Amino acid sequence: MHKAALMLLAVLLGGAARADETTIRPGDIIDAAIGDWNRDGLDDLAILAVTQPEENNEIGVYVYFRDEQADGSLLTLMLSVPDKVWGGRFHGHEPSIKALENGSIAITTQNSSIGREHWKHTLSLAWRNDRFLVAGLTFSFHDTSQEEHVSLICDLNLLTGKGIVNGRPTTFVPLSLTLDEWVHEGGDDPGTAICRGR
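Just so it is clear, the model here is predicted, and its values are computed rather than measured.

## Here we look at the nonpolar core
Okay, step 1: Counting residues in each nonpolar core, the largest one holds 34 residues, and the members touching the most others are Val 63, Ile 105, Phe 132 and Leu 156.
Okay, step 2: Considering each element in turn, this core owes the most residues, 5 residues, to strand 8 (residues 131-143).
Okay, step 3: Filtering out sequence-adjacent residues up to four positions away, Phe 132 remains in contact with Trp 37, Val 63, Phe 65, Leu 79, Ile 105, Leu 125, Ala 126, Trp 127, Leu 177, Thr 178 and Leu 179.
Okay, step 4: Counting residues in each nonpolar core, the second largest holds 11 residues, with Ala 32, Ile 34, Ile 47 and Leu 75 among its members.

Shown next as structure tokens:
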């Protein structure tokens, strides 16, 4: 984890965040990233943290903006979505969060160690019109039980409605969904449904 992220975490866990926000214990944090999500020149913070300690595969997404003028606090919670990210603390299931060069947040989940179906799923969140939207999806899948592996490689710009599926350009109706609105139906989320042509 980046040293600057650790410093911001220390401030957050030390009580500098507003008192009415979700309490995140140090041991609940899976990963963290810093970046300027709202492009105001200040370092912001994004965290993946276990929502229910007794169930390590239920992980929430929490994004804070740094604003020294806001209520006298250093960090203000701007996004809180509990139980949204799948993953765990064991090899091949670890989720991650990182800052992208374009100012977006990338959240990656994966299964590369259990069962025949291996996949990697990355959502990018972008700050647009005072809210975070799911702006992009990169998804890869392969079934290791097949003699010739069944594979899918997909990269979508959800805001423009354009992407690449298995090397071929594709178009679709653009999406403008927040992370709260990004839900699974029938085994797929809105992005993987596009990737699979459903």
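## Re the state of the cysteines
Okay, step 1: One pass over the full model with this rule turns up 1 disulfide.
Okay, step 2: Put simply, Cys 154 and Cys 195 are joined by a disulfide, and their sulfur atoms are 2.1 Å apart. On the sign convention where negative is left-handed, the bridge of Cys 154 and Cys 195, at about -80 degrees about the S-S bond, is left-handed. Within this pair, whereas Cys 154 is found in strand 9 (residues 150-157), its partner Cys 195 is found in helix 2 (residues 190-195), the two being separated by 41 residues in sequence. Residue Cys 154 shares its accessibility class with Cys 195, and that shared class is buried.

## Let's talk about the pattern of salt bridges
Okay, step 1: Applying the stated criterion to the full structure yields 2 salt bridges.
Okay, step 2: A salt bridge links Arg 25 to Asp 28; the shortest N-O distance between them is 3.1 Å.
Okay, step 3: One salt bridge connects Arg 196 with Asp 188, and the closest N-O pair in it is separated by 2.9 Å.

## What about unusual backbone geometry?
Okay, step 1: If you check the backbone angles, Arg 39 has positive phi at about 55 degrees while not being a glycine.
Okay, step 2: By the element assignment, Arg 39 lies in the loop between strand 1 (29-35) and strand 2 (44-52).
Okay, step 3: With a relative accessible area of 62%, Arg 39 lands in the exposed category.
Okay, step 4: Positive phi outside glycine occurs at Asp 130, with the angle close to 65 degrees.
Okay, step 5: For Asp 130, a relative accessible area of 65% corresponds to the exposed category.

Cut-offs and rules
Residues numbered from 1 in each chain as written. Predicted model: local features only at pLDDT ≥ 70, side-chain atom pairs only at ≥ 80, totals over all residues. Heavy atoms only, no water. Core = buried A, V, L, I, M, F, W, Y, C linked by side-chain atoms within 4.5 Å. Buried < 20%, exposed > 50% of the residue type's maximum accessible area, 1.4 Å probe, protein only. Helix = DSSP H or I, 4+ residues; strand = E, 2+ residues; numbered from the N terminus. Contact = heavy atoms within 4.5 Å. Disulfide = S-S within 2.5 Å. Salt bridge = Lys/Arg side-chain N within 4 Å of Asp/Glu carboxyl O.

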